[in-house]
Amino acid sequence: MRLSICFLLAFVTMGARAADSVSLAADADDPGVLVDAFYSDAPYNDSCANDRKFAGPPTSLPISNAKPDGECRQEVVVFTTNKRVHVVEAPGFTTADTDTVDTALTAIVDLPVDFWYIGTPGLTPEQKSAIDQELNDHLDDASLAFESSRAGIGFTKNSLTYIDDLSWAQELAGIADEVFLGVASPEAFRELIGKHIGLDGATGPPHQADPAHLNVFVLEFASEARGFHISSEEGVPKGEIMMRYVPELGTLAHEIGHALSLDHVNFVGLDVVHRDIGEYCIAFGSFTYYKGVCDYEAGNVMWAGQVDALRNTLTEGQGFRASLNSLSFVNLHNYRPGDVVRNCADWQYDEQCPYLALQIETADQDIDQ
Ligand SMILES: [Zn+2]
């Protein structure tokens, strides 16, 4: 009798360990994956799992036994802190529990950033050095937010240009404040910038902005406006960012988030999605809760109006969009050539698009089944 019990335990242990796996680069840090497939184990009992979440060891990540089923979409999406978001469409799962999904993880997307300092003319080298350091800190903060959240995108300063024109700097700051308050158009702001910096390929002005770089206009004299990002009237991000010198840490990361197609998490209408699937959701202040769990951390980069807390985290649902959306600056300027591109609105949740608030580490957020 004892012998048979031991045999049974051994059998169960072996059964639990068998799993398909995702092979990862040896230095893939903190990997997490989303898997779309047919699963027979709980809680997916014989059903199509959409965005099943796995996190774990860095080189070969077990993902239970995904099986073929003609009704089920098959896809694996890999997120790490040091590689770009990687999508394997149609990984070809078989009935065996030894399938290995090969990935060719590549370095994070590195977006170049050009800063334009528009303020007091005739700064000393020491003053310029201090500004340079401050802007580096803000850009490092933005990179850390996106990289540590596994969005696979970082930012590098390409240039910092000081423009000496006091009256222009003051006028531009005034218009920036009016844009921020909604009483002037971004186009008026851009027109005035064009006096010194050519935009959209205009070559008259003494300086020329590279439209394939993120251009950050740093305004010393802005008083109302902390920051904003400019899109075309059709909603296509221009990667042009106004930033006051200096706003709260996290503002630059937030404006870059807009350039990467992300909107404010408190305005995406997710309550409607929840109600549609018969779940309970309440809005409490500016924070939206789902089944007692806050969908977004207070430090989410895309909270609108957040000034008290540092904005330094993104969800994998946001990182997916920042990396893959065709309207993200990353793809508008082809920084991921050949990689999978999607069109996922913030509110969208289906087999092509993970839930915006999806976080791989949050086990009880089971809206994504
Ligand atoms: Zn915003």
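A. The arrangement of the overall build of the protein chain in detail. Per the secondary structure count, the protein chain includes 8 helices and 18 strands. Partitioning the intrachain contacts of the protein chain with sequence separation of at least 6 by distance along the chain shows that 68% fall at a separation of at least 24.

B. The arrangement of the pairing of strand 13 (residues 214–219) in detail. Judged by how many residues are buried, strand 13 sits mostly within the fold: 6 of 6 residues are covered. Residues of strand 13 alternate between two faces, with Leu-214, Val-216 and Val-218 on one and Asn-215, Phe-217 and Leu-219 on the opposite face, all of them buried. Of the strand pairs in this sheet, strand 9 (residues 109–119) and strand 13 are connected by 6 bridges, and their pairing is parallel. Bridging from a neighbouring strand, Asp-114 pairs with Asn-215 of strand 13. Where strand 13 and strand 15 (residues 237–244) come together, 5 bridges link them in parallel fashion. Pairing of Asn-215 across the sheet is with Glu-240, part of strand 15.

C. Here's a closer look at the environment of Ile-175. As for its position among the elements, Ile-175 is in helix 3 (residues 166–181). C-alpha separation for the pair Ile-175 and Phe-189, spaced 14 residues apart in sequence, amounts to 6.0 Å.

D. Region of interest: the nonpolar core. Formed by 83 residues in total, the largest nonpolar core has its most connected members in Val-33, Ala-176, Val-216, Phe-217, Val-218, Leu-219 and Ile-256. Filtering out sequence-adjacent residues up to four positions away, Val-218 remains in contact with Phe-115, Trp-116, Tyr-117, Ile-118, Leu-135, Met-243 and Tyr-245.

E. A look at the sheet that holds strand 8 (residues 100–101). Taken in spatial order, the 3 strands make up an open sheet running 4-1-8, and their pairing is mixed. Taken across any chain shown, the strands that pair with only one partner, and hence form the sheet edges, are strand 4 (60–62) and strand 8. As judged from the 3 bridges shared by strand 1 (residues 21–23) and strand 4, these two strands associate in the antiparallel manner. Bridging across to strand 4, Ser-21 finds its partner in Pro-62.

F. The arrangement of unusual backbone geometry in detail. Put simply, Ala-42 and Pro-43 share a cis peptide bond, and its omega is 5°. Locating Pro-43 in the fold gives a position in the loop between strand 2 (32–39) and strand 3 (47–55). Residues Tyr-245 and Val-246 are joined by a peptide bond in cis, for which omega reads -15°. Its place among the elements puts Val-246 in the loop between strand 15 and helix 5 (251–259). A positive phi angle, close to 50°, is found at Asp-46, a residue other than glycine. Looking at the secondary structure, you find Asp-46 in the loop between strand 2 and strand 3. Given 10 C-beta atoms within a 10 Å radius, Asp-46 is considered exposed. Phi angles above zero are rare outside glycine, and Arg-150 is one such case at about 70°. By the element assignment, Arg-150 lies in the loop between helix 2 (125–148) and strand 10 (153–164).

G. Just the pairing of strand 10, in detail. As defined by bridge partners, strand 9 adjoins strand 10 across 11 bridges and the pair is classed as parallel. When the bridges of strand 10 are listed, Asp-114 appears paired with Ser-159. Crossover handedness for the path strand 9 to helix 2 to strand 10: right-handed.

H. Structural context of the sheet that holds strand 13. Across the sheet, 5 strands lie side by side as 10-9-13-15-14; this open sheet has mixed pairing. Every interior strand has two partners, whereas the edge strands, strand 10 and strand 14 (227–231), have only one. Sheet twist, expressed as the average angle between the axes of neighbouring strands with direction ignored, equals 20°.

I. Helix 3, seen in detail. With 16 residues, helix 3 should reach 22 Å at 1.5 Å per residue; the first-to-last C-alpha distance of 23 Å fits that figure. Those residues of helix 3 lying buried are Ala-169, Leu-172, Ala-173, Ile-175, Ala-176 and Val-179. Along helix 3, the residues classed as buried sweep out an arc of 170° about the axis, all on the same side. The exposed residues of helix 3 that point more than 90 degrees off its buried face are Ser-167 and Leu-181. Where helix 3 is buried, its residues meet strand 9, helix 4 (186–193), strand 13, strand 14 and strand 15. Looking at the residues trailing helix 3, positive phi occurs at Gly-182, about 85°.

J. The confidence of the model for the protein chain, seen in detail. For the protein chain, the average pLDDT comes to 86, and 83% of its residues sit at 70 or higher. In this model, residues 269–294 is a region of pLDDT below 50 whose contacts with residues beyond four sequence positions or in other chains number 35 contacts.

Cut-off values and rules
- Residues numbered from 1 in each chain as written.
- Predicted model: local features only at pLDDT ≥ 70, side-chain atom pairs only at ≥ 80, totals over all residues.
- Helix = DSSP H or I, 4+ residues; strand = E, 2+ residues; numbered from the N terminus.
- Contact = placed C-beta atoms within 7 Å.
- Buried ≥ 20, exposed ≤ 12 C-beta atoms within 10 Å, placed from the backbone.
- Pairing = 2+ DSSP bridges.
- Core = buried A, V, L, I, M, F, W, Y, C linked by C-beta atoms within 7 Å.
- Right-handed = clockwise from strand over helix to strand, strands pointing away.
- Axes fitted to C-alpha atoms, helices over the stretch in contact; angles between N-to-C directions.
- Expected span 1.5 Å × (residues − 1).
- Arc of directions from axis to C-beta.
- pLDDT = per-residue confidence, 0-100.

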